[in-house]
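Report on the structure
What follows is the residue order along each chain.
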Amino acid sequence: MASEALSPPRAVRAPDSRGTPLAFMYHSVDSCTADTADPYRLTVSPRRFAEQMRWIRDSGRRGVSILRLLEAWRHGRGDDLVGLTFDDGYADFDLVARPVLEAFGFTATVFVVTGQFGGHNSWDGDAPRKELLSRQQVGELAESGMEIGCHGSTHRRLVGLTERTLDFEVVRSREALEQVIQRPVHGFCYPYGRYDRAAMAAVRDSGYGYATGVEHIADSDRWSIPRSYVGELDTGWRLRAKELRHRLRTVLRASRC
């Protein structure tokens, strides 16, 4: 699969009533899903993940990276697309999730922590340690057609930070990632989905094309793209419910503007 060569997204908000595009947020795809071993419910089993991708396909949609989704949305298309994102850059994306995605002809965006290549999720205090993608794996994923985005240098919450610390987490992490994948990095994902005006400004002013969070906010734009969490319990009907909730929220937000 060739790498995506798209222009940076210039806008997310559509010129009509469609609101923001639908995007699903994943973390890890692995066999360990018991509550006792996965306290934050970040892991989806391979079987459930395949079922979720099948639901996307059978509903007439295609899973794509955020970059491709925004490119289509900007041109008035993309209603048949779903953005797929994977936060933290777990090694199981390469080993488990990627083969499933490729079997369905899907792509995705992987947001990696640039100071932890080949390490572990040290920021998850009481959760099991999970291996993270190495530099080589990240480079190979970019070559295979997956979009690689930035998730900061250390997975630190970007709220109330000094300008110097924001520069390290936002700007330096992008520079480090571009050295690894040898191409521009367009997307940033706020760790824990949390950010303030200073963090959003740092991302906007440092050359990123978009940023993703989690929650819908009153003035969501390309620096605060909302996503819907997906976990092990999400069957097809639950995914449909999440889609409807997303649509409702975009309509309600538009009605307040």
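Shown above is the structure to which this text applies.
Here is a short report on the structure shown in this document. Predicted, not measured: the structure shown is a model, and the values here were computed from it. (Residues numbered from 1 in each chain as written. Predicted model: local features only at pLDDT ≥ 70, side-chain atom pairs only at ≥ 80, totals over all residues. Heavy atoms only, no water.)

Roughly 310 Å³ of internal volume is contained in the largest pocket. Forming the boundary of the largest pocket are 20 residues, of which Met25, His27, Leu42, His155 and Tyr192 lie nearest the centre. Residue classes in the lining of the largest pocket are distributed as 10 nonpolar, 4 polar and 6 charged. (1 Å grid on protein atoms, 1.4 Å probe; cavity = no way out; pocket = protein on both sides within 12 Å on 5 of 7 lines; lining within 4 Å. Points joined across faces, edges and corners; volume = space filled by probe spheres on them. Nonpolar A, V, L, I, M, F, W, Y, C, P; charged D, E, K, R; others polar.)

A separate point is the nonpolar core. If you look at the biggest cluster of nonpolar residues, it comprises 50 residues, and the most contacted ones within it are Phe24, Phe49, Met53, Leu84, Phe86 and Leu101. Those residues in contact with Phe86 that sit more than four places away from it in its chain are Tyr26, His27, Val29, Phe49, Phe93, Ala97, Leu101, Ala108, Thr109, Val110 and Phe111. Counting 11 residues, the second-largest nonpolar core is a separate cluster that includes Val64, Ala72, Leu81 and Cys189. (Core = buried A, V, L, I, M, F, W, Y, C linked by side-chain atoms within 4.5 Å. Buried < 20%, exposed > 50% of the residue type's maximum accessible area, 1.4 Å probe, protein only. Contact = heavy atoms within 4.5 Å.)

As a further point, take the state of the cysteines. Evaluated as defined, the whole model comprises 0 disulfides. Considering cysteine sulfurs only, Cys189 is the nearest to Cys150, which forms no disulfide, with 9.5 Å between them. With a relative accessible area of 0%, Cys189 lands in the buried category. (Disulfide = S-S within 2.5 Å.)

The next subject is helix α4 (residues 135-144). Among the residues of α4, Gln137, Val138, Gly139, Leu141, Ala142 and Ser144 are the ones counted as buried. On its buried side, α4 packs onto α3 (92-104), β6 (109-112), β7 (147-150) and α5 (163-181). Directly after α4, the chain includes Gly145, whose backbone phi takes a positive value near 115 degrees. (Helix = DSSP H or I, 4+ residues; strand = E, 2+ residues; numbered from the N terminus.)

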